[in-house]
Amino acid sequence: MNPRVAIVGGGWAGCTTALTLAEAGVAVTLYEASRTLGGRARAVEFEGRTLDNGQHILLGAYEQTLQLIDRLHPAASPDQLWRLPLTLDQPPDFSLACPRLPAPLHLLAGLLGAQGLSWQEKFAAARWAHALLNNAGTPDQLTVSQITRDQPEKLNRLLWHPLCVSALNTPPEMASARVFRDVIRSAFGGRNHHSDLLLPRRDLTALFPAPAAARLSELGGAVRLSSRVTALEAAADSITLRTLDTSTCHSHVVLAVAPQHLAGLAATVPELEPVRLEVSSYRYQPIATGYVQYDPAFHLEKPLFALAGGPAQFVFDRGQIYGQAGLLAFVASAAANLSADWLGQAEAQLQRIVDPGPARWRKSIVEKQATYACVPNQPRPSVLTPHPRIFLAGDYTAGPYPATLESATLSGVQSARALLEKL
Ligand SMILES: Cc1cc2nc3c(=O)[nH]c(=O)nc-3n(C[C@H](O)[C@H](O)[C@H](O)COP(=O)(O)OP(=O)(O)OC[C@H]3O[C@@H](n4cnc5c(N)ncnc54)[C@H](O)[C@@H]3O)c2cc1C
């Protein structure tokens, strides 16, 4: 049988796998259960407007993702992402900006120049960050709360703990210190632009999954939307995939679904039992994004601000970023105990910075299983499975990042390469 590969799941990992295989000349079919590509990073329509299921930020260190986005958009098209040097502005209490110095001097200079910290706190932060960047041996079992225990309370409240929640979507008392250290290192320990913040200037489906699917079709690949794979049947020389109305034979399959959806698909393949068991230990954390439309003439002074004293960690000005005038997006990560009125509370957080006037409409989107909780000693499976014809891709497979777009695209490339080696 000529290689005919099925990719199950059209999130950023599945789209990357399908594209990488198609570009290597392999015949691929991408199955996506929903009507829209992008999975946990996708566009959603709301009363004639395009929003995202969740406001996303990319880091300058996300080299795989940035390279894919760059490659798929014509050089002459307007910038897809807005690049800002790392700044954390939380008026009136705190402000940190990293100047364009070589890394990690830019972080140290940012910490020493931060507003809202005493000199004692600045030196404590700089010493701690320096030790974290240079310490290879953070034990696997420690949490972020444990490694920040000796830092001044204000630093933890304003800086380290909000960074942990935003980067790992896990509260510091549960979050893996080792993964936190790895994220800080990849942002601050390489080149200075790695810590840049990149804000999508188009909806998340248009940013990567849609152009990836268009390229896939040009290369002869097939994209099946609204096609939920309901079962796998593995024989010695092929894998049969069933959807509600089709049954198709493939030489290989890449399962690029979220970890919480793996168990159902793995159930009929005994070789996948170890992976299924590993992933069944995962716990999940929500992320809420609240959109609030104010007067279109209203805008924030900057494209984003950090917020304190309530459920939201950030507010984004979609007017400046996307041209959606007067629309703000509030983000609450690790949002396990949100009240029904969380968006009202987030608006009250904003009132400490500016009064935007009355809201015209509000829309809250809560992704209950946004990412797995990034806890110490978390098992993360390889893209290779014990079954020689079945591979995995997704933000939870083994890799240097927590559940992020970068871990999804890295795993997609890795999975495609592992499969190509077996052909
Ligand atoms: C609200 C929110 C905010 C986030 N913010 C950030 C951020 O700021 N920065 C960042 O880097 N990351 C962020 N993330 C994380 C990031 O979005 C994810 O890590 C990434 O999108 C995961 O991609 P994936 O392809 O691995 O999985 P998924 O996106 O979950 O893709 C899996 C796909 O498989 C499909 N599927 C499932 N079962 C089947 C089936 N049986 N048959 C066919 N298809 C199936 C699903 O519909 C889905 O499209 C955020 C996530 C959320 C939810």
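For clarity, every value in this text was computed on a predicted model and none was experimentally measured.

## Let's talk about the overall build of the protein chain
Of regular secondary structure, the protein chain possesses 14 helices and 20 strands. The globule rule puts the C-alpha radius of gyration for 423 residues at 22 Å, and the 22 Å found for the protein chain is close to it. The principal-axis extents of the C-alpha atoms in the protein chain amount to approximately 70 × 50 × 45 Å. When the 423 residues of the protein chain are sorted by exposure, 48% land in the buried category. Long-range contacts, defined as pairs at least 24 residues apart, comprise 68% of the intrachain contacts of the protein chain with a sequence gap of at least 6.

## Brief notes about the packing of helix α1 (residues 12-23) against helix α9 (residues 209-218)
Where α1 contacts α9, the two axes come as close as 9 Å, and the packing angle between them is 25°. It follows from the interaxial angle that α1 and α9 lie roughly parallel. Note on packing geometry: the crossing formed by α1 with α9 is left-handed. Touching Trp12, Cys15, Ala18, Leu19 and Ala22 of α1 are Pro209, Ala212, Ala213, Arg215 and Leu216, all from α9. Residue composition of the contact of α1 with α9, by class: nine nonpolar, no polar and one charged.

## Quick notes on unusual backbone geometry
With an omega dihedral of 5°, the bond running from Pro91 to Pro92 counts as a cis peptide bond. Put simply, Ala103 and Pro104 share a cis peptide bond, and its omega is -5°. For Pro104, the location among the structural elements is in the loop between β8 (94-97) and α3 (105-112). Residue Asn169 is not a glycine yet carries a positive backbone phi of 50°. By the element assignment, Asn169 lies in the loop between α6 (153-168) and α7 (177-188). Using a count of 23 C-beta atoms within 10 Å as the deciding quantity, one classes Asn169 as buried.

## Concerning the sheet that holds strand β15 (residues 284-293)
The strand order across the open sheet formed by five strands is β16-β17-β18-β15-β19, and the pairing between neighbours is antiparallel. The open sheet terminates on both sides in strands that have one partner only, identified here as β16 (304-306) and β19 (361-372). Across the sheet, the mean angle from the axis of one strand to that of its neighbour is 15°, orientation sign disregarded.

## Things to note about the site of the ligand
Neighbouring the ligand are 37 residues; Gly9, Gly11, Gly39, Gly54 and Thr404 lie closest to it. Here the residues of the shell around the ligand sort into 18 nonpolar, 14 polar and five charged. Inspection of the shell around the ligand shows a minimum of three residues originating in each of domain 1 (4-59 + 203-282 + 375-422) and domain 3 (284-372).

## Comments concerning the nonpolar core
Burial of nonpolar side chains together is a common tendency in soluble globular proteins. Within the largest apolar cluster, 125 residues are counted, with the highest numbers of intra-cluster contacts made by Ile7, Val8, Phe180, Val254, Leu255, Val315 and Phe330. Top contributing element to this core by residue count: α6, with eight residues. Among residues more than four places away in sequence, those in contact with Leu255 are Val8, Gly9, Leu262, Leu265, Ile390 and Leu392.

## Quick look at the domain arrangement of the protein chain
Often the size quoted for an interface is simply the accessible area lost on bringing the parts together. Structurally, the protein chain comprises domain 1 (4-59 + 203-282 + 375-422), domain 2 (86-195) and domain 3 (284-372). Here the C-alpha centre of domain 2 lies 33 Å away from the C-alpha centre of domain 1. The partner domain 2 presents 18 residues to the nine residues of domain 1 that form the contact. Partitioned by chemical class, the residues of the side of domain 1 that touches domain 2 number seven nonpolar, two polar and no charged.

## Considering α7
In this model α7 runs 16 Å from its N-terminal to its C-terminal C-alpha over twelve residues, within 8% of the 16 Å that 1.5 Å per residue would give. Here α7 lies mainly inside the structure; ten of its twelve residues are buried. Among the residues making up α7, those that are buried are Ala177, Arg178, Val179, Phe180, Arg181, Val183, Ile184, Arg185, Ala187 and Phe188. Close packing links the buried residues of α7 with β5 (58-59), α3, α4 (119-134), α5 (144-147) and α6.

Thresholds, definitions, all that
Residues numbered from 1 in each chain as written. Predicted model: local features only at pLDDT ≥ 70, side-chain atom pairs only at ≥ 80, totals over all residues. Helix = DSSP H or I, 4+ residues; strand = E, 2+ residues; numbered from the N terminus. Rg over C-alpha atoms; globule rule 2.2 N^0.38 Å. Buried ≥ 20, exposed ≤ 12 C-beta atoms within 10 Å, placed from the backbone. Contact = placed C-beta atoms within 7 Å. Axes fitted to C-alpha atoms, helices over the stretch in contact; angles between N-to-C directions. Parallel < 35°, antiparallel > 145°, perpendicular 65-115°, else oblique. Left-handed = near helix turned anticlockwise from the far one by under 90°. Nonpolar A, V, L, I, M, F, W, Y, C, P; charged D, E, K, R; others polar. Pairing = 2+ DSSP bridges. Near = placed C-beta within 6 Å. Domains from an automatic or database assignment. Core = buried A, V, L, I, M, F, W, Y, C linked by C-beta atoms within 7 Å. Expected span 1.5 Å × (residues − 1).

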